[in-house]
Amino acid sequence: MKEQPTVKDIVQRIRKELLEITSPEEGYQYAWLLMEHLRAYSKTDLVLQGHTKITHSEHLFVEKALERLKNHEPIQYVLGKTEFFGLPFGVNPSVLVPRPETEELVQWVLEEPDKPGRRILDVGTGSGCIAIAIKKTWPEANVWGWDISTTALETANQNARLNQVEVHFEQQDILSLEGNAPVQFRIIVSNPPYVRLLEKGQMDKNVLAYEPSTALFVPDNDALLFYRVIARFATQALEPGGLLFFEINQAFGPEVVELLEGEGFRDVVLRPDLSGRDRMIRARWS
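The rules behind each value
- Residues numbered from 1 in each chain as written.
- Predicted model: local features only at pLDDT ≥ 70, side-chain atom pairs only at ≥ 80, totals over all residues.
- Heavy atoms only, no water.
- Helix = DSSP H or I, 4+ residues; strand = E, 2+ residues; numbered from the N terminus.
- Contact = heavy atoms within 4.5 Å.
- Areas by Shrake-Rupley, 256 points an atom, 1.4 Å probe, with all protein chains shown as cover.
- Phe/Tyr/Trp six-rings, centres within 6.5 Å; stacked < 30°, edge-to-face > 60°.
- Buried < 20%, exposed > 50% of the residue type's maximum accessible area, 1.4 Å probe, protein only.
- Lys NZ or Arg CZ within 6 Å of the ring centre and 35° of its normal.
- Pairing = 2+ DSSP bridges.
- Arc of directions from axis to C-beta.
- Axes fitted to C-alpha atoms, helices over the stretch in contact; angles between N-to-C directions.
- Parallel < 35°, antiparallel > 145°, perpendicular 65-115°, else oblique.
- Left-handed = near helix turned anticlockwise from the far one by under 90°.
- Nonpolar A, V, L, I, M, F, W, Y, C, P; charged D, E, K, R; others polar.

Peer 1: Quick rundown of the overall build of the protein chain? Include the residues and the values.
Peer 2: In terms of regular secondary structure, the protein chain is built from 11 helices and 11 strands. Sequence separation of 24 or more characterises 65% of the internal contacts of the protein chain that already satisfy a separation of 6 or more. Entry remark: accessible area of the protein chain is about 13,900 Å², with carbon and sulfur atoms responsible for 49%.

Put into structure tokens, the structure is as follows:
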């Protein structure tokens, strides 16, 4: 019977097998994430427990994970989880993997003074990461999350339970919304689809092959589609003085600013992310 490999063996195997798709450093990161998932190991534990043998079931899990990773599947989907704003989230191919830039957007929203009972809407909520992070930080706020996808909303509801918060998740298609908003909101926030189809060639294989295209792409000839529709909706859904926050395509910062000002918003601010790219906008309704 073949002897079970050690933690050190597994780390070396993962780094070697993934060399064709990633760097040795990122391969080591993947090895740690897999062992953190299986055994709650820290990176220090990878060294200190290097001679510890792993179980047969753990070995099988690693082998299957390696095959998925070599097919460019995001490790967050392989593990079924990720972290956002210091909170745990379940993820799957029905929702986007939350990005660090979106954490920056949430932080910007939370720079506003906390007012108990305020009403907040997240349009295109996906995994619920924005809505849940806000609700977790402002427990007395009333938070809604809208999405067109039933499977995304199932994931969002699971994440709300996981993080022990109550968010009003509802199925809504912002592009064909009829009637007035159910309530007046103090804040509307959205990370809508904003990637043009012509930009596909610049994207990673793991994003194109596995993440939901409806949450990513807009037509080349109407890149501001969701910003225009959401901004017009916000003109009747926001309280006077209410705020609209967007994550944006860095290529269209000035255009989104112009769009918002044309709709009657004031105090429009374009903010770069930590990498210096224009990725966020805040505007106040008159």
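Next comes the rest of the description.
Peer 1: Quick rundown of the packing of aromatic side chains? Include the residues and the values.
Peer 2: Applying the stated criterion across every chain, the model contains seven aromatic pairs. For the pair Phe84 and Phe85, a centre-to-centre distance of 6.3 Å together with 35° between the ring planes defines the contact as tilted. Here Phe84 falls in the buried class, since its relative accessible area comes to 1%. Between Trp146 and Phe233 the ring centres are 5.5 Å apart and the planes differ by 55°, which places this aromatic pair in the tilted class. Residue Trp146 is located in strand 4 (residues 142-147), and its partner Phe233 is located in helix 10 (residues 225-237); the two are separated by 87 residues in the primary sequence. The pair formed by Trp146 and Phe233 is uniform in burial state, with each residue classed as buried. By way of ring pairs, the aromatic residues Phe84, Phe85 and Phe89 are connected into one cluster. It is Lys43 that lies over the ring of Trp32; its NZ or CZ is 5.2 Å from the centre. Positioned above the aromatic ring of Trp138, the side-chain terminus of Arg118 is 4.4 Å from the ring centre.

Peer 1: Tell me about the environment of Ala131, residues and numbers included.
Peer 2: As for its placement among the helices and strands, Ala131 is situated in helix 7 (residues 129-137). Relative accessible area serves as the criterion here: at 0%, Ala131 is assigned to the buried category. Linking Ala131 and Asn142, residues 11 residues apart in sequence, is a C-alpha distance of 9.9 Å. When neighbours within four sequence positions are excluded, Ala131 is seen to be in contact with Asp122, Thr125, Val143, Trp144, Val167 and Phe169.

Peer 1: Let's hear about the environment of Ile120: which residues, and what values?
Peer 2: With respect to the element layout, Ile120 can be found in strand 3 (residues 119-123). Since its relative accessible area comes to 1%, Ile120 is described here as buried. As a C-alpha pair, Ile120 and Leu238 span 118 residues in sequence and 9.5 Å in three-dimensional space. With residues up to four places along the chain from it excluded, the contact list for Ile120 reads Ile134, Trp138, Ala141, Asn142, Val143, Trp144, Phe185 and Ile187.

Peer 1: Residue-level account of the pairing of strand 2 (residues 87-90), with values.
Peer 2: Because side chains alternate across strand 2, one face comprises the buried residues Leu87 and Phe89, and the other comprises Pro88 and Gly90, none of which is buried. Inspection of the sheet shows strand 1 (residues 81-84) paired to strand 2 by four bridges, in the antiparallel sense. Across the sheet, residue Lys81 finds its bridge partner in strand 2, namely Gly90. A loop of two residues connects strand 1 with strand 2, the two strands running antiparallel in sequence, and Phe85 in this loop sits at a positive phi of about 55°.

Peer 1: Run through helix 11 (residues 253-262), naming residues and quoting values.
Peer 2: Gly253, Val256, Val257, Leu259 and Leu260 are the residues of helix 11 that are buried. Here the buried residues of helix 11 occupy an arc of 160° about the axis, which is enough to place them on one side. Projecting away from the buried face of helix 11 at angles above 90 degrees are the exposed residues Pro254, Glu258 and Gly262. Where helix 11 is buried, its residues touch helix 10, strand 9 (238-247), strand 10 (265-272) and strand 11 (278-285). Phi for Gly264, located one or two positions after helix 11, is positive at around 105°.

Peer 1: Provide a residue-level description of the packing of helix 2 (residues 24-39) against helix 4 (residues 56-70), including the pertinent values.
Peer 2: In contact at an axis separation of 11 Å, helix 2 and helix 4 are set at 140° when each is read in the N-to-C sense. Taken as axis vectors, helix 2 and helix 4 run oblique relative to one another. Crossing hand, helix 2 versus helix 4: right-handed. Taken together, the residues of helix 4 that come into contact with helix 2 (itself represented by Tyr30, Leu34, His37, Leu38 and Arg39) are Glu58, Phe61, Val62, Ala65 and Leu69. Counted by class, the contact of helix 2 with helix 4 contains seven nonpolar, one polar and two charged residues.

Peer 1: Can you tell me about the packing of helix 1 (residues 7-17) against helix 4, naming the residues and giving the values?
Peer 2: The N-to-C vectors of helix 1 and helix 4 enclose an angle of 15°; their axes lie 11 Å apart at closest approach. By the criterion of interaxial angle, the relationship of helix 1 to helix 4 is roughly parallel. The chirality of how helix 1 crosses helix 4 is right-handed. Where helix 1 approaches helix 4, its residues Ile10, Arg13, Ile14 and Glu17 are matched on the opposing element by His59, Val62, Glu63, Leu66 and Lys70. A breakdown of the residues in the contact of helix 1 with helix 4 according to their chemical character gives four nonpolar, one polar and four charged.

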